[in-house]
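# Examination of the molecular architecture
Read off the chains here:
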Amino acid sequence: MKKIQSFILLCCLFLSAQLIAESYQKTGLGLKSATQSMTVEIQFYSPTIVRVLKAPEGVPTAKTSLSVIKTPENTDLKIADDGNNVSISSNSIKVSYNVTTGKVAFSDLKGNPLFTEKDYGIQFTPTLDGRKKSFTVRQAFMLDKDEAIYGLGQQQNGKLNQRGQRVELKNGNTKICIPFIQSIKGYGVFWDNYASTTFTDNLQETSFESLGDNSDYYFMYGGNGDGVIAQMRDLTGQSPMLPLWAYGYIQSKERYKNQDEIVSVVEKYRSLKVPLDGIVQDWQYWGKDSMWNAMSFDKTTYSDPKTMVDKIHDLKAHLMIVAWPGFGPLTNQYKELMAKKMMIDFDTWPPKSGTKPYDVYNPVARDIYWDYLNKGVFSFNTDAWWLDSSEPDHINVKDADFDQPTYLGSYRSVVNVFPLQHIKGVYEHQRATTSEKRVCILTRSAFAGQQRFAANSWSGDIVSSWATLQKQIPAALNFSLSGIPYWNADIGGFFLWEQGGANALKEKTYHELYVRWLQFGTFTPMMRSHGTDAPREIYQFGKRGDWSFDAIEKFINLRYRFMPYIYSSAWNVTANSGSFMRSLILDFASDKKIQDLNDEYMFGRSVLVAPVFAPMYVTKVAGKTIENFSQAKSRQVYLPKGTDWFDFWTGEKLQGGQTVDKAAPIDVMPLYIKAGSILPFGPKVQYAAQTKWDDLEIRIYSGANGEFTLYEDENDNYNYEKGLKSTILMKWDDQSKTLTIDARKGSFNGMLKNRTFNIVVVDEQNGIGANSAARFNKSIKYSGKAKTVKL
């Protein structure tokens, strides 16, 4: 009897193994399976990146991504059966697939769980996409109870940790939606869907829900936040260098109304000797609303655009000019695109103008767009683009608008990827037109992958208030954590409704807010002042000797002193998938106090920034403005543990893991430098390229070993892609107090052959601070050969 039972058991095990083996097929990238009336594909794109595709029976899983450009690597995989589970392992992670429930789970090679779907966690609910049969697709996952997650693009909710909420991910003015999360556990997930998506996180589950024919997501394991961002860039593209000038100060307003006015602003900055690199021309340089976005200059107000551009260039500044995705009904673009059925038939900005957006998804439409933009604007040698309303604005919204056909399907099915396709068209066409001028695009919206098109997203038409200023910090950090490094905001806020409107400049309360906002803007990837209701040029805030003017000038100058650090950080973004605005989780993940700290960040790898986001010195009581600068007030700053810190302004050394009260006079924003940092400090200049970096101050913040790579190139072309660039690696050994400057690598036209490095070791004894006259420990001559300096 026992022999019969054993035989039956063996037969059952054999049949079970056979059924498991027959329930999936090995593929070149992983496996393909059929279960629960659906097809499942698990595809390894690299040892650390896995794509999971699911579709109802009879619906193809194949899809060409608009965001992902990575070609799958050849990855060695081990596939094994274990009960109802099939495991697929690379040399970095293990993926488990339940052939019965369709659940996919991820772990490291030690078996530690990373991320998991729920059993039976996928739902395909039939729906209509216009007249096309489609599905509402919902995939549910389970996170650890206390697991912090970040990302989702730029949300104006004031949150850093994105747990415990329901968010409608649909791009709009002030809201940039990227269906991507990354975990404090060192993994990320990109939900590759272009329709409006609902993200939900509660105690029961975490889910993405969208319109679509399949579920398509990428799991990436980076080990830490920087690793996850690197994986996302590997998937969706690297970020090219912007021109050097784009990292300088840029002045804008809504709007300069003629060519004499815009040139006069640059002339005023030069006469005041306040640094400036960019000036921005906003809308209606083309004339009336019916000619909206005509991509030509109105002959009355801009009679000689070539002379205008030439004058700006002669003043060593650069012109950024606006273009929109919509066209007024009297424009040639509207007529041509409408005739070719390449317009999307709904109302966009401005209201009651008859303006419609073009079909950005159509490559021929993008060709037509660039042809007009090139001939009407770029031919005058303009320098950068402001691609406004790139969501786009949608006025008089009707549900039927989303049924409108586009080149890639209904507008509903691709609504969130509108900015990606629009920015792509301008970037690729300018690259094809010339390599002598780097593409630089300011835009109001984004989607995953947009970093590869030289785009710098700003946070939209936000209302000026202290609360709004504070919200920009976590909004920027989550945007950066979503894999896109370039972000900025309108310094001072766009709308001044709460600050007195057109009278805001008369209100000293607004002066204080503007100063604090500009200080924050100094430490963002683009420093750009812009808004409506009242102008924002420095001279609108008084004259030298006035506290607001002086504080603004101080920080504009400080931006340029940091230029070698900023430009080198930009190279780290391009070459190493780095980030400018770094949530503290990237550098101090083990410090639990920072996991939801939403008002501080690292700018690059060395500078801790703690913006002031509350009034301290100006109040209004019973209609009377009271200014009190008699005593400096303070802002609490948490210094992450695991390192020592130096007060940038005083040189005071402080231990990490504590909260300090930092005095913040109106011209001081708390800044701390991490021990072990090497900080190159540039010359005082009027524009970024005025002086070569032949006499650099090198600040060393002792207390730990550290290194820094100084990067240089030709500033505004793509020769760096051909290898025409140079790097100088500097290494600090704290124990021996030795600075090693490696031999220079690379070369380019106009490169400095010889230079001086003025080295300052910042410590508690010499107290070198930003306002102190630097006492150089040693000045050395450097000609490109390795040097070791004992200090």
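Here, every reference points to the structure presented above.
Residues numbered from 1 in each chain as written. Predicted model: local features only at pLDDT ≥ 70, side-chain atom pairs only at ≥ 80, totals over all residues. Heavy atoms only, no water.

## Focus on the packing of aromatic side chains
Two numbers describe a pair of aromatic rings. These are the distance of the centres and the angle of the planes. Rules: Pairs were defined over the aromatic rings of Phe, Tyr and Trp, the Trp ring being its six-membered one, requiring ring centres within 6.5 Å. Orientation was assigned from the angle between planes: stacked under 30 degrees, edge-to-face over 60, tilted for the rest. Working definition: helices are DSSP H or I runs of at least four residues, strands are E runs of at least two. Numbering for both runs from the N terminus. Exposure classes here rest on a 1.4 Å probe applied to the protein chains alone. A residue is buried below 20% of its type maximum, exposed above 50%, and partly exposed in between. Charge-over-ring placement is defined geometrically: NZ (Lys) or CZ (Arg) within 6 Å of the ring centre, and within 35 degrees of the ring normal.
Taken as a whole and judged by the stated rule, the model has 67 aromatic pairs. Relative to Tyr218, the ring of Phe190 has its centre 6.3 Å away and its plane inclined at 20 degrees; by these criteria the two rings are stacked. In this pair, Phe190 sits in strand E14 (residues 187-191) while Tyr218 sits in strand E17 (residues 215-221), placing the two residues 28 residues apart along the sequence. Note on Tyr218: relative accessible area 1%, which makes it buried. Each ring, one from Trp487 and one from Phe520, has its centre 6.2 Å from the other, and the planes form 55 degrees; the classification is tilted. Placement of Trp487 in strand E28 (residues 487-488) and of Phe520 in helix H10 (residues 508-522) is noted, with a sequence separation of 33 residues between them. Overall, the relative accessible area of 1% leaves Trp487 in the buried class. A cation over a ring is seen here: Lys268 above Tyr539, with NZ or CZ 5.6 Å from the ring centre. Of note, Arg431 hangs over the ring of Tyr718, and the distance from its end group to the ring centre comes to 3.5 Å.

## A closer look at the sheet that holds strand E43 (residues 726-733)
As a reminder of what qualifies: One bridge is not enough; two strands pair if DSSP finds at least two bridges between them. All axes here are fitted lines through C-alpha atoms, helices being fitted over the stretch that makes contact, and every angle between N-to-C directions spans 0 to 180 degrees. Residues count as neighbours in contact if any of their non-hydrogen atoms are within 4.5 Å of one another.
Spatially, E42-E43-E44-E47 is the arrangement adopted by the four strands of the open sheet, whose pairing is antiparallel. One side of each edge strand has no neighbouring strand; the edge strands of this open sheet are strand E42 (706-712) and strand E47 (787-790). Strand-to-strand twist in this sheet, taken as the mean axis angle between neighbours without regard to direction, amounts to 15 degrees. Across the sheet, helix H12 (residues 563-576) touches E42 and E43, and the angle it forms with E42 is around 90 degrees.

## Here's the deal with helix H9 (residues 466-481)
Cut-off, in case you're wondering: Expected span of a helix: the number of residues minus one, times 1.5 Å.
Taking 1.5 Å of rise per residue, 16 residues should cover 22 Å, and H9 covers 24 Å from first to last C-alpha, within 8% of that figure. Most of H9 is tucked away, with 13 of its 16 residues classed as buried. Positive phi appears at Gly483, one or two residues downstream of H9, with a value of about 105 degrees.

## Brief notes about the packing of helix H3 (residues 259-272) against helix H4 (residues 305-314)
As a reminder, the rule being used: An angle counts as roughly parallel when it lies under 35 degrees, as roughly antiparallel when it exceeds 145, as roughly perpendicular when it falls between 65 and 115, and as oblique in every other case. Gly is put with the polar residues, along with every residue not named as nonpolar or charged; the nonpolar set is Ala, Val, Leu, Ile, Met, Phe, Trp, Tyr, Cys and Pro, and the charged set is Asp, Glu, Lys and Arg.
Close contact between H3 and H4 brings their axes to 10 Å; oriented N to C, the two are set at 5 degrees. On the basis of the axis angle, H3 is roughly parallel to H4. Residues Gln259, Ile262 and Val263 of H3 touch H4, and the partners they reach there are Pro305, Met308, Lys311 and Ile312. Split by residue class, the contact of H3 with H4 holds five nonpolar, one polar and one charged.

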